[in-house]
Amino acid sequence: MRLFQTVAAVAAMLGSAQGAIRQLPLPTTCTGVASIRYTYTLTSGWSVMKIAGGLRQVRTVIWDNNGNMLVSQAGKGISVHTFGNDGCINSTTMLISQAALNHGLALTPDGKTLYASSETTAFSWSYDDSTRTVTGQKTVVRGMSTGVHSTRHLLVVPTQPNMVLLQVGSNANFDMAASDPKTGRAIIKIFDMSKAPAAGYNYNSDGEVFGYGLRNEIGFTMDPAGVVWGVENSGDDFTRTTNGQRTDIHKDNPAEKLNNLGDPLKTRDAWYGYPTCFSVWDPAPFSGSLKTGAHFVLAPNSSYNDASCNGKAIQPRLTFQAHSAPIHTTFDKDAKNMYVTFHGSWDRQPATGFKVVQIPFKKLDSGAYDPVAAADSMKGYNDIYSATSPGSCTANGLTQSNCVRLTASSWDPAGRGLFIGSDNSAEGEIYILSPKA
């Protein structure tokens, strides 16, 4: 019974938030917006247009209850954009000018509280969507660790909006200390913002552990049943040593992950394997002993081996090509599909990623949602939009490339399609991907 109550509550909240939003036409071009900067390939049945350019490192796109678009621009702050009757942007203002803000952005369902994050700190503001202004900045979480993963994702639980999920990645490729959740790394924690201390929670010592052993769960979203799904960036430059023989496996292993993280109002202390257990993409190096999606260790021995991991760590529900670097994830209206942006990675030749993929989902008889593909499938997702030749893309640093660096993904409540962002340092862009009727 609780599952169906949750579905109804989530649907009601989303419906009430978006029901009054005017529907807008999908423009073909917008005055003053240049062409899409980098060449691309688009699957049949979809269209694409550029709705905004000249931005700085777009990371996250969300919507207020009037249909205005809020954008996290790393190194600049939060901008807010309104739309005219033609579907194009007709005004842009900086809502918050704060260079440290770099990824996380979320609104409560009533649209009145805005959250955003820097590498070390999460903040809240009172937000007024009629004037598009914020007041009363507060520090709500502080003391997040610094390291190689500097972005922090935020998610408000719709049915209990005082509860906020906040993620921190590992501080190294192999962050062995992160096996202890008390380090506050490779983890998602949940905080009750109605009880936040005046100085904010301490990330490492406060809050509850939703899940850990998550190397960098940089994007997560909730399905209509109230279950959180996240995408995990896995490790680089892997070798595996078996019976004294060391083998380079890094080209196609370990897999990136799609994790079913559970219900944030019930799940606690779930362990997903990092920093000792990783997931297979290409089974070939494992001599037929493991399938795609299974866990493996880098140096199996008699006391700790692949079977140890597969008996203890929660396996991913689906996996992606190694080094795709998934960033953001979102469902379409009826959760028939999930959409994930792949940022692309430096650690594979030829390169991979630099695309938006679609993962077909189904609703089970129980009311739960699940990918259509089996957990060991290597074909559980379809390319929708990608760089023309991903294998030729460069990834010099986190945002430099000769290709699009895809980040944000968010369905437009005004009905125009899937808004996706790019944080390429040459130009931050936002596009609309729209399925053709």
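Structure report, in brief. Everything quoted here is computed from the prediction, not taken from an experiment.

### As for the environment of Val228
Mapping Val228 onto the fold places it in strand E17 (residues 228-232). C-alpha of Val228 to C-alpha of Gly262: the two residues are 34 residues apart in sequence and 5.5 Å apart in space. When sequence neighbours within four positions are dropped, the list of residues in contact with Val228 reads Leu155, Leu165, Phe210, Phe220, Thr221, Met222, Asn259, Asn260, Leu261, Gly262 and Pro264.

### Digging into the side chain of Asn424
In this structure, Asn424 sits in the loop between strand E31 (418-422) and strand E32 (428-435). For Asn424, the side chain forms a polar contact with the side chain of Tyr38, separated by 3.3 Å. Once residues lying within four places of it in the same chain are set aside, the contact partners of Asn424 are Tyr38, Thr399, Ser401, Cys403 and Arg405.

### Some remarks on the pairing of strand E16 (residues 219-222)
Here E16 shows a buried face lined by Gly219 and Thr221 and a second buried face lined by Phe220 and Met222. Here four bridges tie E16 to E17, and the two strands are oriented antiparallel to one another. Bridge assignment links Thr221 to a residue of E17, and that residue is Trp229. With antiparallel pairing between neighbouring strands as the criterion, E16 and E17 make up a hairpin whose turn holds five residues, including Gly226 at a positive phi of roughly 85°.

### Here's the deal with the sheet that holds E31
One open sheet holds the four strands; their spatial order is E2-E32-E31-E30, and the pairing between them is antiparallel. Looking along the sheet, the strands with just one partner apiece sit at the ends: strand E2 (46-55) and strand E30 (406-411). The sheet shows a mean angle of 20° between the axes of neighbouring strands, direction not considered. Alignment of E2 against E32, held across seven bridges, turns out to be antiparallel. Within E32, the residue paired with Trp46 across the bridge is Pro435.

What counts and what doesn't
Residues numbered from 1 in each chain as written. Predicted model: local features only at pLDDT ≥ 70, side-chain atom pairs only at ≥ 80, totals over all residues. Heavy atoms only, no water. Helix = DSSP H or I, 4+ residues; strand = E, 2+ residues; numbered from the N terminus. Contact = heavy atoms within 4.5 Å. Polar contact = N/O pair within 3.5 Å; in protein donor to acceptor, adjacent residues only side chain to side chain. Buried < 20%, exposed > 50% of the residue type's maximum accessible area, 1.4 Å probe, protein only. Pairing = 2+ DSSP bridges. Axes fitted to C-alpha atoms, helices over the stretch in contact; angles between N-to-C directions.

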